[in-house]
Amino acid sequence: MRKILFTVALAAALVGCNNSGQVGSNSVSFDDVIKTRRSVRSYDATKTIGEAEVRELLLSAQEAPSWANQQPTKYYVAQSAAMIDSVKNYIGGNRRNVEGAPVLIVSTFERGKSGFFNGNPANELGDLWGAYDNGLANAYLVLKARAMGFDTLIMGMRDADALRRLFGIPESETITAVISLGYRSGEPRQPQHKNLDDIVKFF
Ligand SMILES: Cc1cc2nc3c(=O)[nH]c(=O)nc-3n(C[C@H](O)[C@H](O)[C@H](O)COP(=O)(O)O)c2cc1C
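Numbering of residues begins from 1 in every chain and follows the order in which that chain's sequence is written. In keeping with the model being predicted, local features are shown solely for residues with a pLDDT of at least 70 and side-chain atom pairs are shown and tallied solely at 80 or more, while totals for entire chains, interfaces and linings include all residues.

**Student:** Whenever I open this one, the overall build of the chain confuses me. Can you help?
**Tutor:** Working definition: helices are DSSP H or I runs of at least four residues, strands are E runs of at least two. Numbering for both runs from the N terminus. Each helix and strand in the chain was counted, giving seven helices and six strands. The linear arrangement of helices and strands in the chain, starting from the amino end, is α-α-α-β-α-β-β-β-α-β-α-β-α. Buried, partly exposed and exposed are defined by the number of other C-beta atoms within 10 Å of a residue's own C-beta, namely 20 or more, between the two limits, and 12 or fewer respectively, with C-beta atoms placed from the backbone. Relative to its 203 residues, the chain shows a buried fraction of 27%. For the purpose of contact definition, each residue receives a C-beta atom placed from its backbone, and two residues are in contact when these atoms lie within 7 Å. Taking contacts inside the chain between residues at least 6 apart in sequence as the whole, the part at least 24 apart equals 76%.

**Student:** Hey, could you run me through the site of the ligand in this one?
**Tutor:** In this analysis, residues qualify as near a molecule or strand once their C-beta atom, positioned from backbone atoms, comes within 6 Å of it. As a structural note, the neighbourhood of the ligand is formed by R38, S39, R41, N94, N97, L153, I154, M155, G156, M157, A177 and P191. Here the residues of the shell around the ligand sort into six nonpolar, four polar and two charged. Gly falls in the polar group here, along with every residue not listed as nonpolar (Ala, Val, Leu, Ile, Met, Phe, Trp, Tyr, Cys, Pro) or charged (Asp, Glu, Lys, Arg).

**Student:** Looking at this structure, how should I read the sheet that holds strand β2 (residues 103–110)?
**Tutor:** To summarise the sheet geometry, strands pair through backbone hydrogen bonds and adopt either a parallel or an antiparallel arrangement. Ordered by their spatial adjacency, four strands build an open sheet running β1-β2-β6-β5, and the pairing between neighbours is antiparallel. Strand pairing shows two members of the sheet lacking a second neighbour, β1 (73–78) and β5 (151–155), which therefore form its edges. The average undirected angle you get between the axes of adjacent strands in this sheet is 25 degrees. In this description, a line fitted to the C-alpha atoms serves as the axis of each element, helices being fitted only across the stretch in contact, and the angle between N-to-C directions of two axes falls anywhere from 0 to 180 degrees. Lying over the sheet, helix α6 (residues 160–167) contacts β1, β2 and β6 (173–182), oriented at roughly 80 degrees with respect to β6. Here, a strand pair is defined by DSSP locating no fewer than two bridges between the strands.

**Student:** Looking at this structure, how should I read the pairing of β6?
**Tutor:** Along a regular strand, successive side chains alternate from one face of the sheet to the other. When you tally the buried positions in β6, you get eight out of 10 residues, the bulk of the element. When β2 meets β6, the two strands line up antiparallel, connected through seven bridges. Bridging across to β6, V106 finds its partner in V178. Of the pairings in the sheet, the one linking β5 to β6 comprises five bridges and is antiparallel in character. Each residue of the ladder has a partner; that of I154, found in β6, is I179.

**Student:** How should the confidence of the model for the chain be read in this particular structure?
**Tutor:** As a note on interpretation, predicted positions should not be read in detail where pLDDT is low. Per-residue confidence for the chain averages 90 on the pLDDT scale, and 87% of its residues sit at or above 70. Counted against residues more than four places away or in other chains, residues 1–21, with its pLDDT under 50, gives seven contacts. Every residue carries a pLDDT, the predictor's confidence in it, which falls somewhere between 0 and 100.

**Student:** When you look at the packing of helix α3 (residues 51–61) against helix α5 (residues 128–147) in this model, what are you seeing that I'm missing?
**Tutor:** Packed helix pairs are characterised by how far apart their axes lie and by the angle those axes make with each other. At a minimum axis distance of 8 Å, the contact between α3 and α5 shows a crossing angle of 135 degrees. Taken together, the axis directions place α3 and α5 in an arrangement best described as oblique. Both α3 and α5 take part in a crossing whose hand is right-handed. Contacts between α3 and α5 involve L57, S60 and A61 on the former and, on the latter, A137, Y140, L141, K144 and A145. Across the contact of α3 with α5, the residue classes break down as six nonpolar, one polar and one charged. Here the word oblique covers every angle except those under 35 degrees (roughly parallel), over 145 (roughly antiparallel) and from 65 to 115 (roughly perpendicular). Two helices that cross are described as forming a left-handed crossing if the nearer one is turned anticlockwise from the farther one by less than a right angle, and a right-handed crossing if clockwise.

**Student:** Teacher, can you tell me more about the environment of A147 here?
**Tutor:** Considering the arrangement of structural elements, one finds A147 in helix α5. For A147, a count of 22 C-beta atoms within 10 Å gives the class buried. Separated by 115 residues in the primary sequence, A147 and D32 place their C-alpha atoms 8.4 Å from one another.

**Student:** I'm lost on the pairing of β2 in this one. Help?
**Tutor:** With seven of eight residues buried, β2 is to be regarded as a mostly interior element. Where β1 and β2 come together, six bridges link them in antiparallel fashion. Pairing of K74 across the sheet is with T108, part of β2.

Below you can see the structure in the form of structure tokens.
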């Protein structure tokens, strides 16, 4: 009996294991997600991503830590062809990078939340803590996207004023990035990341 149970458990483990490192299944390892996430600048226009999938993605972004749990990050999702076309007008040269991406997400953070106590900055960084929290949430977003088999490009080159008008984003929010979401077509560039010893000092 124990032998049968062991065999069943082993078979289940093997079915769950994904040796190819291909993501998009529940069994993908966190290291594979990290390693295969790249900034993707070429998308497969034949593939779509539905609202339910975007919601699942953003639920993960919401799990990110934030200053006093302020959760200052907001998202504005362009999923209709008309809105996507409009957003593309406001990302300059990035336009050609996101051709074919079925979703474009504008990320913002509410000012005066993270880094503030009773309306006053808690220290010298002030609203930079909002940007910090926003970056954390967006990091969760791009990693979850990869775990779901999607690809992303975070874009800081964008016209914030035009995007504010397009989505009706309140002045109380700072617009940070536009993030494309889609499926890669072809293999993305593999930019060199620094050696660990260039960025760390142990004491
Ligand atoms: C805050 C931020 C802004 C960025 N803005 C742009 C952008 O406007 N256009 C672009 O092509 N890439 C942009 N990138 C992507 C970076 O160039 C990319 O992350 C970097 O070269 C490392 O490549 P990798 O993401 O594939 O590891 C941005 C990334 C971040 C985090």
